[in-house]
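# Chain and residue survey
Here is what each chain is made of, one letter per residue.
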Amino acid sequence: MNNGKEEKIKIILLGEPSTGKTSLIKVYLNDKFTEDVPSSLSSSFFQSVITVNEKKYLIDLWDTVGQENYRSITQHFIRDTNIVIFVYDITEKHTFNEIENYWIDKVKEVLNDSAILGIAGNKEDLYEKEVVEEDKAEKLAKKIGGFFKKTSAKENPKEFKTFVKMLIEQFLLKNNKIIKGNNIILNESSIIEDKNKKKKCCI
Ligand code: GDP
Ligand code: MG
């Protein structure tokens, strides 16, 4: 855990079930996609370390497993988050609508101004079945002052990672931890511990 030297950055993934949240986290951690995410992998909390200009940050990456069905994710859990990534499935319109009509409001009620918001349009590999206009997602991201990226946990594992790194960089810039124009070197130094047994996100 935090030994007092490293600052923490808390990242949570929110959205409807089956949009690919767990898969995205898995590819973030392992760089590879597995078709069926076993339910035994019901972990909610992973930790990794990122180094930005030689300063270490602990990245707490929270998955919401199952709870999204019951929408029992507490305001308390969201409140101290630094980066929220809303995930929708580009082939399922309702998953986008729910971000627009439910998840954003839920987050905005409690989230602090220093946080960064991202929207991931996942399952980009199924582009032939895309039903959510990209333009709409981009506009929504703009409206909430956030960032949008299409992702595919399945076919482009690096893409989501790049998106997360960009959001971390934006968070650090927004909070004056780094200065724009400076050479930003963002390296992962180590991954990963599954902290699930020690903490739960949503009671
Ligand atoms: P969660 O409920 O939001 O955590 O979603 P999961 O990660 O469990 O994924 C739901 C289903 O979508 C699983 O069958 C995954 O294999 C599949 N899936 C996840 N990401 C992608 C993707 O980028 N492309 C495709 N084609 N399938 C995906
Ligand atoms: Mg899941």
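So, a few notes on the structure that sits alongside this text. (Residues numbered from 1 in each chain as written. Chains lettered and ligands numbered in written order. Predicted model: local features only at pLDDT ≥ 70, side-chain atom pairs only at ≥ 80, totals over all residues. Heavy atoms only, no water.)

## Quick notes on the pairing of strand S5 (residues 116-122)
Burial analysis of S5 places seven of its seven residues in the buried class, the great majority of the element. Bridging between strand S4 (residues 83-89) and S5 involves seven bridges; their strand directions are parallel. Among the inter-strand pairings, Asp-89 is bridged to a residue of S5, identified as Asn-122. After leaving S4, the chain enters helix H4 (residues 93-108) and then returns to the sheet as S5, a path that is right-handed. Alignment of S5 against strand S6 (residues 147-150), held across four bridges, turns out to be parallel. For Ala-120, the partnering residue across the bridge sits in S6 and is Lys-149. Following the chain from S5 across helix H5 (residues 134-143) to the adjacent parallel S6, one finds a crossover that is right-handed. (Buried < 20%, exposed > 50% of the residue type's maximum accessible area, 1.4 Å probe, protein only. Helix = DSSP H or I, 4+ residues; strand = E, 2+ residues; numbered from the N terminus. Pairing = 2+ DSSP bridges. Right-handed = clockwise from strand over helix to strand, strands pointing away.)

## A few points about the packing of H4 against H5
For the pair H4 and H5, the least separation of the axes is 11 Å and the interaxial angle reads 15°. When the axis of H4 is compared with that of H5, the two are roughly parallel. The interaxial crossing formed by H4 with H5 has left-handed handedness. Only Lys-136, Ala-137 and Leu-140 of H5 make contact with H4, whose side of the interface consists of Phe-96, Ile-99, Glu-100 and Ile-104. A class-by-class count of the residues in the contact of H4 with H5 yields five nonpolar, no polar and two charged. (Axes fitted to C-alpha atoms, helices over the stretch in contact; angles between N-to-C directions. Parallel < 35°, antiparallel > 145°, perpendicular 65-115°, else oblique. Left-handed = near helix turned anticlockwise from the far one by under 90°. Contact = heavy atoms within 4.5 Å. Nonpolar A, V, L, I, M, F, W, Y, C, P; charged D, E, K, R; others polar.)

## Topic: the pattern of salt bridges
Inspection of every chain in the model, using the stated rule, returns nine salt bridges. In this structure, Glu-130 engages Lys-150 in a salt bridge whose closest nitrogen and oxygen atoms are separated by 2.9 Å. Of this pair, Glu-130 sits in the loop between S5 and H5 while Lys-150 sits in strand S6; the two residues are 20 residues apart in sequence, bridging distant segments of the chain. Taking relative accessible area as the criterion, Glu-130 reaches 27% and is therefore assigned partly exposed. According to the relative accessible area criterion, Lys-150 is buried, its value standing at 11%. Residues Lys-139 and Asp-135 are paired through a salt bridge, measuring 3.3 Å at the closest nitrogen-oxygen approach. Residue Lys-139 and its partner Asp-135 are located together in helix H5, separated by four residues, close to a single helical turn. What makes Asp-135 partly exposed here is its relative accessible area of 42%. Salt bridges here are not isolated pairs; linked through shared partners, they connect Glu-7, Lys-55 and Lys-177. (Salt bridge = Lys/Arg side-chain N within 4 Å of Asp/Glu carboxyl O.)

## A word on the nonpolar core
Residues Ile-9, Ile-11, Leu-13, Ile-83, Ile-85 and Ile-168 are the most contacted members of the largest nonpolar core, which totals 29 residues. Those elements giving two or more residues to this core turn out to be strand S1 (7-14), helix H1 (21-30), strand S2 (45-52), strand S3 (55-62), S4, S5 and helix H6 (157-174). Top contributing element to this core by residue count: H6, with eight residues. Setting aside its immediate chain neighbours within four residues, Ile-168 contacts Ile-9, Ile-11, Ile-50, Ile-59 and Ile-83. (Core = buried A, V, L, I, M, F, W, Y, C linked by side-chain atoms within 4.5 Å.)

## Points about the side chain of Thr-64
Along the polypeptide, Thr-64 turns up in the loop between S3 and helix H2 (67-70). The exposure class of Thr-64 is buried, given its relative accessible area of 1%. A polar atom in the side chain of Thr-64 sits 3.0 Å from the backbone oxygen of Leu-13. (Polar contact = N/O pair within 3.5 Å; in protein donor to acceptor, adjacent residues only side chain to side chain.)

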